[in-house]
Amino acid sequence: MTSIPTAYFGAALARLPKGDLGEILFAGLPYALSIMLILGIHDLGRYLVARYYQIETNFPYFIPLPFWPGTYGCMVQMRSPVPNRKAVFDLGFTAAALGLVTAIPLFVWGLTQSETVPIDPKSNLVSFHAFDPRFSLLLTLLSKWALGSQFVAERAIDLHIVAIAAYISLLIIVVKLMPLRRLDGGYIVHGMFGQKPSAIVSQLSKFILLILGLIRFRSSEFGNTDLLFLAIVVGLIPAIDEPALNDVSDLNNWRDALGVVILAITILTLIPMPAVMLQFLDL
């Protein structure tokens, strides 16, 4: 059922030629398959980890939306307590890592099928046909790697339909990597530091995101409010999570290292491309 609205809105987002409903859904199928694959694998990872630790949970199911992107993703509800901090960490890390390793290759492939267009000073986070990735260090580097000499200063990207799906999925995954209650990042930080320290990290991350949103608003020519709006929404999410049954035992070193790596990926996605790097890469 979710594939129908997802395919429909995918065709609309990609501005594909209109026809009868069957033609529209078929045209939007690459978008629907891509975004459902990425988000499905993301939440399947959490489900498998929950089963491994014998946490009572449901099988992931997609939630359709009557507007773009067509789906919220999957829902996995855990009905029993998490046994320890290792399990808390694994629940967040596995889902996020599987989502990223699926989304990034699809995004890069979609970029190779995309074309560059003149940059639009009014572009924002969802300007898919004049996409300016310079708001994100990671996305800028991926775009330059995929497009090479086509992507230079004063150029934006008209995203291919698969790139649109992968980019939206990346946005969803990165938002879920914020260290907040019930999100992947919240599980990861909770596992690394414990319940109470993770609540402090959550509050700090809200403040930093708000600062980044204000910087983007002040520095953009037309006062982009997209990141600022995201900061306000994130600010409404509770910071403190439920404790694990054993919330005292620390993680081993390799889990701590993996947590640092995936949180670094989140930071690289959220911070803008430095001016010196833009100049060096002719962007």
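Let me begin by describing the structure that accompanies this report. What you are looking at is a predicted structure, and each value in this text was computed from that prediction instead of being measured. Residue positions are given per chain, counted from 1 along the sequence in the order it is written. Note on the predicted model: pLDDT of at least 70 is required for a residue's local features to be given, and 80 or more for side-chain atom pairs to be given and counted; whole-chain, interface and lining totals, by contrast, use all residues. With hydrogens and water excluded, all non-hydrogen atoms of the structure serve as input to the side-chain values.

Below, the discussion takes up the overall build of the chain. When you go through the chain residue by residue, the secondary structure sums to 11 helices and four strands. Against the globule reference of 19 Å for 283 residues, the chain gives a C-alpha radius of gyration of 19 Å, in line with a compact fold. Buried positions account for 52% of the 283 residues belonging to the chain. Any pair of residues with heavy atoms lying within 4.5 Å of one another is described as a contacting pair. Within the chain, residue pairs in contact and separated by at least 24 positions form 74% of the contacts whose partners lie at least 6 positions apart. Every accessible area reported is derived by Shrake-Rupley at a probe size of 1.4 Å, with residue values counting cover from the shown protein chains alone. Accessible surface for the chain amounts to roughly 13800 Å². Of this, 67% is attributable to carbon and sulfur atoms. Only four residue types enter the charge count: Lys and Arg as positive, Asp and Glu as negative, with His and the chain ends excluded. Every charge is mapped onto a representative atom, which is NZ of Lys, CZ of Arg, CG of Asp or CD of Glu. Each charge class in the chain was averaged separately, 19 positive and 19 negative side chains, and the resulting centres sit 5 Å apart. Every helix listed is a DSSP run of H or I at least four residues long, and every strand listed is a run of E at least two residues long, numbered separately from the N terminus. All radius of gyration figures rest on C-alpha atoms, and the globule criterion is 2.2 Å times the number of residues raised to 0.38. Working definition: with a 1.4 Å probe on protein chains only, accessible area under 20% of the residue-type maximum means buried, over 50% means exposed, and in between means partly exposed.

This part is about helix α1 (residues 3–13). Taken together, the buried positions of α1 are P5, T6, A7, F9, G10, A11 and L13. On its buried face, α1 sits against α2 (21–27), α3 (29–52), β1 (61–64), β2 (71–75) and α6 (161–176).

Here the focus is the environment of F229. With respect to the helices and strands, the residue F229 is situated in helix α9 (residues 226–235). A sequence separation of 16 residues divides F229 from G213, and the C-alpha atoms of the two residues are 7.7 Å apart.

So, about the nonpolar core. Membership of the largest hydrophobic core comes to 48 residues, with the highest contact counts inside it found for F107 and I262. Breaking this core down by element, the ones donating at least two residues are α3, α4 (85–112), α5 (137–147), α6, α7 (184–193) and α10 (253–270). Of the residues forming this core, the biggest block, 11 residues, is contributed by α6. Each residue touching I262, except ones within four places of it in the same chain, is listed here: F93, A96, A97, L100, L177 and I188. Joining through side-chain atoms within 4.5 Å is the link that ties buried Ala, Val, Leu, Ile, Met, Phe, Trp, Tyr and Cys residues into a set, and such a set is a nonpolar core. With 11 residues, the next largest nonpolar core counts Y53, M78, V88 and A244 among its residues.

A cluster of nonpolar side chains, namely I200, L204, F207, I208, L210, I211, L214 and I215, defines an oily patch on the protein surface of about 730 Å² accessible area. Residue placement: F207 occurs in helix α8 (residues 195–219). The class for F207 is exposed, based on a relative accessible area of 52%. What goes into a patch is any residue over 30% in relative accessible area without a salt bridge, connected to like charges within 9 Å or, for nonpolar side chains (Val, Leu, Ile, Met, Phe, Trp, Tyr), within 5 Å. Definition used for salt bridges: Asp or Glu carboxyl oxygen within 4 Å of a side-chain nitrogen of Lys or Arg.

So, about the packing of aromatic side chains. Note on ring pairs: Phe, Tyr and Trp rings are taken, using the six-membered ring of Trp, and paired if centres are within 6.5 Å. Classes follow the plane angle, with under 30 degrees stacked, over 60 edge-to-face and the rest tilted. Counted by the stated rule, this structure contains seven aromatic pairs. Taken together, a centroid distance of 5.6 Å and an interplanar angle of 10° make the contact between F89 and F93 stacked. Of this pair, F89 and F93 both sit in helix α4, four residues apart, which is roughly one turn of that helix. Here F89 and F93 have matching classes, each one buried. Summarising the aromatic geometry, the rings of F131 and F135 are spaced 6.2 Å apart at their centres and angled 80° between planes, so their arrangement reads as edge-to-face. Three or more aromatic residues joined by ring pairs form one cluster here, namely F107, F128, F131, F135 and Y167.

None of this, on its own, says anything about what the molecule does.
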